[in-house]
Amino acid sequence: RSGGFLLGVQALIFQSEKPNYDTRSVVESVALEVGTSLQNAQLYQEARQRADRDGVTNLYNHRAIQERLTALLHDAKKNGEPFSVLMMDLNDFKYFNDTYGHPVGDDVLRTVAMQLEKICGNNNPVGRYGGDEFIILLPGQDHQQTYKTYQTLLATLEKEHFEVAPGVRIPISMSYGW
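Residues numbered from 1 in each chain as written. Predicted model: local features only at pLDDT ≥ 70, side-chain atom pairs only at ≥ 80, totals over all residues. Heavy atoms only, no water.

## Quick word on the overall build of the chain
Step number 1: The helix and strand tally for the chain stands at five helices and six strands.
Step number 2: Across the chain, helices and strands are ordered from the amino to the carboxyl terminus as α-α-β-α-α-β-β-α-β-β-β.
Step number 3: On C-alpha atoms alone, the chain measures out to a radius of gyration of 24 Å, which is more than a quarter above the 16 Å that the 2.2 N^0.38 rule sets for 178 residues.
Step number 4: Overall, the C-alpha framework of the chain stretches about 75 × 50 × 25 Å when taken along its three principal axes. (Helix = DSSP H or I, 4+ residues; strand = E, 2+ residues; numbered from the N terminus. Rg over C-alpha atoms; globule rule 2.2 N^0.38 Å.)

Structure below.
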């Protein structure tokens, strides 16, 4: 237990005798210490997660995606594998914020982030690189494979519209480079 919450169960089996008060006290003390340690580990993991994720899109933030880039690029060089980086910038994003307000702009960012993650899957880390800039790391992809990924993203996002009010749909477009 930690903070009054049950985190797990500890069981001891005594084959020869019933545990006395001192033995039970030691076991309870160990369980409390283990509970506190587990809770601290969970809190650390949650803090690490929040530190690595963008607050609006829940994608990797700039720092975390840079760390992933460094590690994956190192691995690609070591293994002699291709590696690509796809950068994207929302076109006219200032228009969303200026015309409809920042909450609508944040909704646009979330919509784009959701589509990027859906298309890229788990093997290709996606990050919010700047205010309206995104990055996808593509380990193992050469130029031709990256071009196919780009075409898929372009086709998907060109179909995507953002509805700012009932019946008022605005297309989402992006500029790309890799």
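Back to the text.
## Examining the pattern of salt bridges
Step number 1: Per the counting criterion, the structure on display carries five salt bridges.
Step number 2: Here Lys 94 ties to Asp 98 by a salt bridge, and the two come within 2.4 Å at their closest N and O atoms. Of the two residues, Lys 94 and Asp 98 are both situated in helix H3 (residues 93-100); the distance of four residues between them amounts to about one turn of the helix.
Step number 3: What makes Lys 94 exposed here is its relative accessible area of 58%. (Salt bridge = Lys/Arg side-chain N within 4 Å of Asp/Glu carboxyl O. Buried < 20%, exposed > 50% of the residue type's maximum accessible area, 1.4 Å probe, protein only.)

## Regarding the side chain of Thr 111
Step number 1: Along the polypeptide, Thr 111 turns up in helix H4 (residues 102-120).
Step number 2: Here Thr 111 falls in the buried class, since its relative accessible area comes to 15%.
Step number 3: Engagement of the side chain of Thr 111 in a polar contact is seen with the backbone oxygen of Asp 107, the distance being 2.9 Å.
Step number 4: Contacts of Thr 111, omitting those with residues within four sequence positions, involve Glu 160, Phe 162 and Ile 172. (Polar contact = N/O pair within 3.5 Å; in protein donor to acceptor, adjacent residues only side chain to side chain. Contact = heavy atoms within 4.5 Å.)

## With respect to the layout of surface pockets
Step number 1: Taken as a whole, the second largest pocket holds about 190 Å³ of empty space.
Step number 2: Every residue along the wall of the second largest pocket is listed here: Arg 53, Tyr 60, Arg 68, Glu 117, Gly 121, Asn 122, Asn 123, Asn 124, Pro 125 and Val 126.
Step number 3: Its residues assigned to classes, the lining of the second largest pocket shows three nonpolar, four polar and three charged. (1 Å grid on protein atoms, 1.4 Å probe; cavity = no way out; pocket = protein on both sides within 12 Å on 5 of 7 lines; lining within 4 Å. Points joined across faces, edges and corners; volume = space filled by probe spheres on them. Nonpolar A, V, L, I, M, F, W, Y, C, P; charged D, E, K, R; others polar.)

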